[in-house]
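# Geometric and topological summary
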Amino acid sequence: MDAMILQEKLVERLLCPRVRTARQKDKQYVGFATLPNQVHRKSVKKGFDFTLMVAGESGLGKSTLVNSLFLTDLYKDRKLLNAEERINQTVEIIKHTVDIEEKGVKLKLTIVDTPGFGDAVNNNECWKPITDYIDQQFEQYFRDESGLNRKNILDNRVHCCLYFISPFGHGLRPVDVEFMKALHEKVNIVPLIAKADCLTPNEIKKLKDRVRDEIEKFGIKVYQFPECDSDEDEEFKQMDKELKECTPFAVIGSNTVVEARGQRVRGRLYPWGIVEVENQSHCDFVKLRNMLIRSHMHDLKDVTCDVHYENYRAHCIQEMTSKLAQDNRMDSPIPILPLPTPDLETERLIKMKDEELKRMQEMLEKMQQQMHEKDQ
Amino acid sequence: MAATDVDVFSNEEKRNLNLGGHVGFDSLPDQLVSKSVTQGFCFNILCVGETGIGKSTLMNTLFNTMFENEEASHYQNGVYLRPRTYDLQESNVHLKLTIVDTVGFGDQINKEDSYKPIVDYIDTQFENYLQEELKIKRSLYNYHDTRIHICLYFIAPTGHSLKSLDLVTMKKLDSKVNIIPIIAKADTISKSELHKFKIKIMSELVSNGVQIYQFPTDDEAVSEINSSMNAHLPFAVVGSVEEVKVGNKMVRARQYPWGVVQVENESHCDFVKLREMLIRVNMEDLREQTHARHYELYRRCKLEEMGFKDTDPDSQPFSLQETYEAKRKEFLSDLQRKEEEMRQMFVNKVKETEAELKEKERELHDKFEQLKRMHQDEKKKIEEKRRDLEEEMNAFNRRKVAAETLSLSQPLKKDKDKKN
């Protein structure tokens, strides 16, 4: 009797108000309802990491937006190039890593910047350094994952890429389309309309529709929000629906704090008014922040791990096994080889035989029909 | 005549006389004005800027009318120019306005050749005028002047500096046309950022040696306003054709959730300044500059290319006529020489091929002879063999006959013996 009371008391202490299921007072209470709490505790202890890539032409406000999103100043001593120096510029990849903490939760945030994208006069294949970088991170993770000592794997894979679309045009430009097509199978792309304070609400709507149509027309697979479960509450479903209809987000960023309506807010001061970054009727910054940080950060990581990385891995392994089958050698960089996939020749033969079989079946049927008609 | 005003009377003695009364030649400017008004004016604007930056909207706003315009797509293969001519009238002044749009500028992935169509277009207009000028029967007063008087270069409001494409294009254009750079869609830059942006642009233009159009400051009537405007370059403009109610008036403006940007409000943007400078004050000066500076430069380069000079090696002035005749003769003789060369080449080639063909014929002939001989030899051999075979056959036949007669004669002998 005493032991059971003790057990109950222990369970009570472990439980927090977070547990939704009602506590049953009889002995059949097992207690795995505390699992979410355990997960929460462990993850807080372990800490999180997130890698965000920003890409787009110079002058679209990428750095300002990143600073606004994470409320820090990542780009303190940045040197901007002159127009002359940019004529033949190549794309660089620059990583900034910061450790930020909020209510005990630690986040290691890595921002991958791509200065020089789209700046030169000849921008042929200017996205190649970026795709190479993403592939490199996948390759490094692949090797680490297949190695013998897997204790301290560093996950440097890019979880999300914010692509900035210029609001000064009529929609997507050729360089935008080519970039997104080169990257949509490697990373989650979230397209944004930058510097949205140069568009009136009508113009924003027109531009969003245009961009959505063009994305569909060119077959670009941008990041899709996951469908919400049917048992979520109405408010969540409504929010989710609004979020989906609002893409691509039209954002404004600001590094300065101004005084508006008696409050100090982040915004831009103009002679004709003040644009507030966090005002939902001014721009979609809040929606972007909520989506990126507050609700979908983990989903972005999951899609990167489950979809993009697995695609890369399967592709890599297939290439390796087909090469091995050709070379007929036993040594390989991976200690454990998965089953080899059937090579192309046998597959082709199988296909041919299948087709022949189908044809013969069709002929048989025709003959049967003819005989049937003759009988009649 | 040369671009600078030549003082025709510098060598002669000039005396300043005072007039005794009012003569009336102070009406000369008025006569000039009435003549030009009846003639009508013409003005050509070239708008260079990326697709969607607001070129058509700004033209509509400047001239307070709706020029028909479809939106351009971003997916053109190259840059091409679209000139459109309109006839406008204000009070009793007629203006033939041509607006040339660059379609597809800045959209391609490889923009190295983007400036070429623009330069070619400007040169073609100069060329057409030059051709008209050099004609024997010409009608310059009636000629529709399509030379570009002003190029408005639209800079995207990034807030950092010029784009590399902008710099390259402006450097190619600055010696051919008057350039006024303007910052488009300026309602996306705040005041402080705008100030820094303007300074950065001007310093980049200066350090790269790009000559933009400076409003003239030598005429006292307008020098003050012009020099103050020069300090405001590049103009940050906002265009709009929609009207919004502000106070109790309808003004052209853009309505945002956070405020209304009025196009004609000087504290909001520099549109009014641009309109003043471009249309109300300096339009005539722009036409003059185009004719006196850019066109003359083009003409000189073109004629020098053709080989004309103002003075020959002995410093005696040439006349255009003589030079032209000399050039023509040279050209014709050149042509003839080339013709001869080609004919010579053709003849040589024909000879060569003939010789080759003859060689081949001879070879074939030889081969034929050889084959014939071989054939003859073979035939002889076969004949011999046949003869041998025949002899053998004959020999065999003879032996056969001999054997037969022998067997026949045997029974006869027996009979003979029996009889005996």
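The residue numbers shown here count from 1 along each chain, following its written sequence. Lettering for chains starts from A, numbering for ligands starts from 1, and both go in the order in which the items are written. Confidence filtering applies because this is a predicted model: local features only for residues at pLDDT of at least 70, side-chain atom pairs given and counted only at 80 or more, and all residues used for totals across whole chains, interfaces and linings. The side-chain quantities take in all heavy atoms of the structure and omit both hydrogens and water.

### A short note on the overall build of chain A
Formally: Secondary structure elements are taken from DSSP: a helix is a run of H or I of four residues or more, a strand is a run of E of two residues or more, and numbering for both begins at the N terminus. Each residue gets one of three labels from its accessible area relative to the maximum for its type: buried under 20%, exposed over 50%, partly exposed in between, using a 1.4 Å probe on protein chains only. Note on areas: Shrake-Rupley with a 1.4 Å probe; residue coverage comes only from the protein chains shown.
Counting its regular elements, chain A contains 10 helices and 9 strands. The proportion of buried residues among the 376 residues of chain A is 41%. In the form shown here, chain A has an accessible surface area of approximately 23,800 Å², with 52% of it arising from carbon and sulfur atoms.

### What to know about the overall build of chain B
Basically, it comes down to this: Atoms counted for the radius of gyration: C-alpha only. Globule rule: 2.2 Å times the number of residues to the power 0.38. For this analysis, residues touch if any pair of their heavy atoms sits within 4.5 Å. Positive charge is attributed to Lys and Arg, negative charge to Asp and Glu, and no charge count is given to His or to the chain ends. Charge positions are represented by NZ for Lys, CZ for Arg, CG for Asp and CD for Glu.
Regarding its fold elements, chain B presents 9 helices and 9 strands. Its C-alpha atoms give chain B a radius of gyration of 47 Å, clearly above 22 Å, the size a compact globule of 420 residues would have. Counting all 420 residues of chain B, 36% fall into the buried class. Long-range contacts, defined as pairs at least 24 residues apart, comprise 66% of the intrachain contacts of chain B with a sequence gap of at least 6. In the structure as shown, chain B presents an accessible area of about 28,100 Å², 52% of it carried by carbon and sulfur atoms. Positive and negative charge centroids in chain B, built from 63 and 72 side chains respectively, lie 12 Å apart.

### Overview of the domain arrangement of chain B
Selection criterion: Residue ranges assigned to each domain were obtained from an automatic or database domain assignment.
Here chain B is partitioned into domain 1 (37-306) and domain 2 (319-401). Relative placement of domain 1 of chain B and domain 2 of chain B: their C-alpha centres are 73 Å apart.

### Remarks on the UniProt feature "site: Important for dimerization" (unreviewed entry) in chain A
We apply this condition: UniProt positions are given in the numbering used here, feature names are shortened, and annotations may be inferred rather than shown by experiment.
Per the UniProt record, "site: Important for dimerization" (unreviewed entry) is annotated on A:Phe168. With respect to the helices, strands and loops of the structure, A:Phe168 is situated in the loop between strand 4 (160-165) and helix 5 (174-183). Here A:Phe168 is in contact with A:Arg173, A:Lys195, A:Cys198, B:Thr51, B:Gly52, B:Ile53, B:Pro157, B:Lys185 and B:Thr188, once residues within four sequence places are set aside.

### What to know about the pairing of strand 5 (residues 189-193) of chain A
All names here are of chain A. Here is the rule we go by: Note on handedness: a clockwise path from strand one over the helix to strand two, with the strands aimed away from the viewer, defines a right-handed crossover. A pair of strands counts as paired when DSSP detects no fewer than two bridges linking them.
Counting buried positions along strand 5 yields 5 of 5 residues, so the element is predominantly enclosed. Where burial is concerned, the two faces of strand 5 agree: the one with Ile-189, Pro-191 and Ile-193 and the one with Val-190 and Leu-192 are both buried. Remark: the strand 4/helix 5/strand 5 crossover connection has right-handed handedness. With 2 bridges joining them, strand 5 and strand 6 (residues 249-250) adopt parallel strand pairing. Bridging across to strand 6, Ile-193 finds its partner in Ala-250.

### Quick word on the packing of aromatic side chains
Residue and element names in this part refer to chain B. Quick note on the threshold: Each pair of aromatic rings taken from Phe, Tyr and Trp, with Trp reduced to its six-membered ring, is defined by centres within 6.5 Å and is described as stacked if the planes are under 30 degrees apart, edge-to-face if over 60, and tilted in the remaining cases.
Counted by the stated rule, this structure contains 18 aromatic pairs over all chains. Measuring from ring centre to ring centre gives 5.5 Å for Tyr-129 and Tyr-143, while their planes differ by 65 degrees; the resulting arrangement is edge-to-face. Pair noted here: Tyr-129 is in helix 3 (residues 116-134) and Tyr-143 is in the loop between helix 3 and strand 4 (150-155), with a separation of 14 residues, a long-range link. Judged by its relative accessible area of 9%, Tyr-129 falls in the buried class. Relative accessible area serves as the criterion here: at 22%, Tyr-143 is assigned to the partly exposed category. Judged by centre distance (5.0 Å) and plane angle (85 degrees), the rings of Tyr-129 and Tyr-295 are edge-to-face. On the criterion of sequence distance, the pair formed by Tyr-129 in helix 3 and Tyr-295 in helix 8 (residues 283-306) is long-range, its members being 166 residues apart. There is no split in this pair, since Tyr-129 and Tyr-295 are both buried. One aromatic cluster is present, built from ring pairs that chain together Phe-126, Tyr-129, Tyr-143, Tyr-295 and Tyr-298.

### Focus: the packing of helix 4 (residues 128-146) of chain A against helix 5 of chain A
Residues and elements named next belong to chain A. To keep it simple, the criterion reads: For helices, the axis comes from a line fit to the C-alpha atoms of the stretch in contact; other axes are also lines fit to C-alpha atoms, and the angle between any two N-to-C directions lies between 0 and 180 degrees. Any angle between 65 and 115 degrees counts as roughly perpendicular, while under 35 counts as roughly parallel, over 145 as roughly antiparallel, and the rest as oblique. Crossings are sorted by hand: turned counterclockwise from the far helix by less than a right angle, the near helix makes the crossing left-handed, and turned clockwise it makes it right-handed. Just so you know the grouping, Ala, Val, Leu, Ile, Met, Phe, Trp, Tyr, Cys and Pro go in nonpolar, Asp, Glu, Lys and Arg go in charged, and all remaining residues, Gly too, go in polar.
Between helix 4 and helix 5, whose axes approach to 10 Å, the crossing angle comes to 15 degrees. As the angle between them shows, helix 4 and helix 5 are arranged roughly parallel. Considering only the axes of helix 4 and helix 5, their crossing is right-handed. For the pair formed by helix 4 and helix 5, the contact residues are Ile-130, Thr-131 and Ile-134 on the first element and Phe-179, Ala-182 and Leu-183 on the second. Here the contact of helix 4 with helix 5 is built from residues that sort into 5 nonpolar, 1 polar and no charged.

### Description of the pattern of salt bridges
How we decide: Salt bridges are counted wherever a side-chain nitrogen of Lys or Arg sits within 4 Å of a carboxyl oxygen of Asp or Glu.
Here the structure, examined in full by the defined rule, presents 41 salt bridges over all chains. A:Arg157 is the partner of A:Asp155 in a salt bridge, and the nearest nitrogen-oxygen pair spans 2.8 Å. A single burial state applies to A:Asp155 and to A:Arg157, both of which are buried. Residue B:Asp101 pairs with B:Arg82 through a salt bridge whose shortest N-O separation is 3.6 Å. With B:Asp101 in strand 3 (residues 93-103) and B:Arg82 in strand 2 (residues 80-90), this residue pair connects regions lying 19 residues apart in the sequence. There is no split in this pair, since B:Asp101 and B:Arg82 are both buried. It is possible to trace a salt-bridge network through shared partners that takes in A:Glu57, A:Arg173, B:Glu50 and B:Lys163.

### Thoughts on the interface of chain B and chain A
What counts, and what does not: Put simply, buried area is the surface a 1.4 Å probe can reach on two separate parts but cannot reach once they are joined, added for both. Polar contact criterion, stated in full: a pair of N or O atoms within 3.5 Å, where within protein one must be able to donate a hydrogen and the other to accept it, and residues adjacent in sequence count only if both atoms are side-chain atoms.
Contact with chain B, which involves 44 residues of that partner, is made by 53 residues of chain A. Contact with chain A buries area across many residues of chain B, yet B:Tyr75, B:Ile109 and B:Trp258 alone supply 21% of it, more than any other trio. There are 4 salt bridges connecting chain B and chain A. With a shortest N-O distance of 2.7 Å, B:Arg254 and A:Glu203 are connected by a salt bridge. Taken together, the connections running from chain B to chain A amount to 17 residue pairs in polar contact (both at pLDDT 80 or more). Secondary structure elements with two or more residues in the side of chain B that touches chain A: helix 4 (164-173), helix 5 (191-207), strand 8 (249-256) and strand 9 (259-262) of chain B.

### A short note on the sheet that holds strand 3 (residues 105-113) of chain A
Residues and elements named next belong to chain A. The mixed open sheet is built from 6 strands, whose spatial order is 2-3-1-4-5-6. Of all the strands in the sheet, just strand 2 (94-102) and strand 6 have a single pairing partner and so form its edges. Taken together, the 4 bridges between strand 1 (residues 48-55) and strand 4 define a ladder with parallel strand orientation. Within strand 4, the position partnered with Leu-52 by the bridge is Cys-160. Running at roughly 170 degrees to strand 4, helix 5 makes contact with strand 1, strand 4 and strand 5 of the sheet.

### Describing a negative patch on the surface
Residues and elements named next belong to chain B. Here is the rule: Exposure above 30% relative accessible area and the absence of a salt bridge qualify a residue for a patch, where like charges join within 9 Å and nonpolar side chains (Val, Leu, Ile, Met, Phe, Trp, Tyr) within 5 Å.
A contiguous patch of negative charge, built from Glu-384, Asp-388, Glu-390, Glu-391 and Glu-392, is present on the exposed surface. By the secondary structure assignment, Glu-392 is in helix 9 (residues 320-419). Owing to a relative accessible area of 58%, Glu-392 belongs among the exposed residues under this scheme.

### Considerations on the environment of B:Phe154
All names here are of chain B. Looking at the secondary structure, you find Phe-154 in strand 4. Residues Phe-154 and Arg-300 lie 146 residues apart in sequence; the distance between their C-alpha atoms is 30 Å. In this view, Phe-154 contacts Cys-47, Val-48, Gly-49, Ile-53, Gly-54, Lys-55, Leu-58, Ile-182 and Ala-184; residues no more than four positions away in its chain are not counted.

### Describing empty space enclosed by the protein
Heads up, the condition is: In this analysis a 1.4 Å probe is tested at points of a 1 Å grid over the protein atoms alone, and where it fits but cannot get out there is a cavity; an open set with protein on both sides within 12 Å along at least five of seven lines is a pocket; lining residues have an atom within 4 Å of a point. Grid points are joined across faces, edges and corners, and a volume is the space filled by probe spheres set on the points.
Within this structure, the stated rule accounts for 4 cavities of 30 Å³ or more. Volume-wise, the largest cavity comes out at about 180 Å³. Lining the largest cavity are 22 residues, and of these A:Glu57, A:Gly118, B:Glu50, B:Lys111 and B:Lys163 lie nearest its centre. Here the lining of the largest cavity takes 3 residues from helix 4 of chain B, the largest share from any one element.

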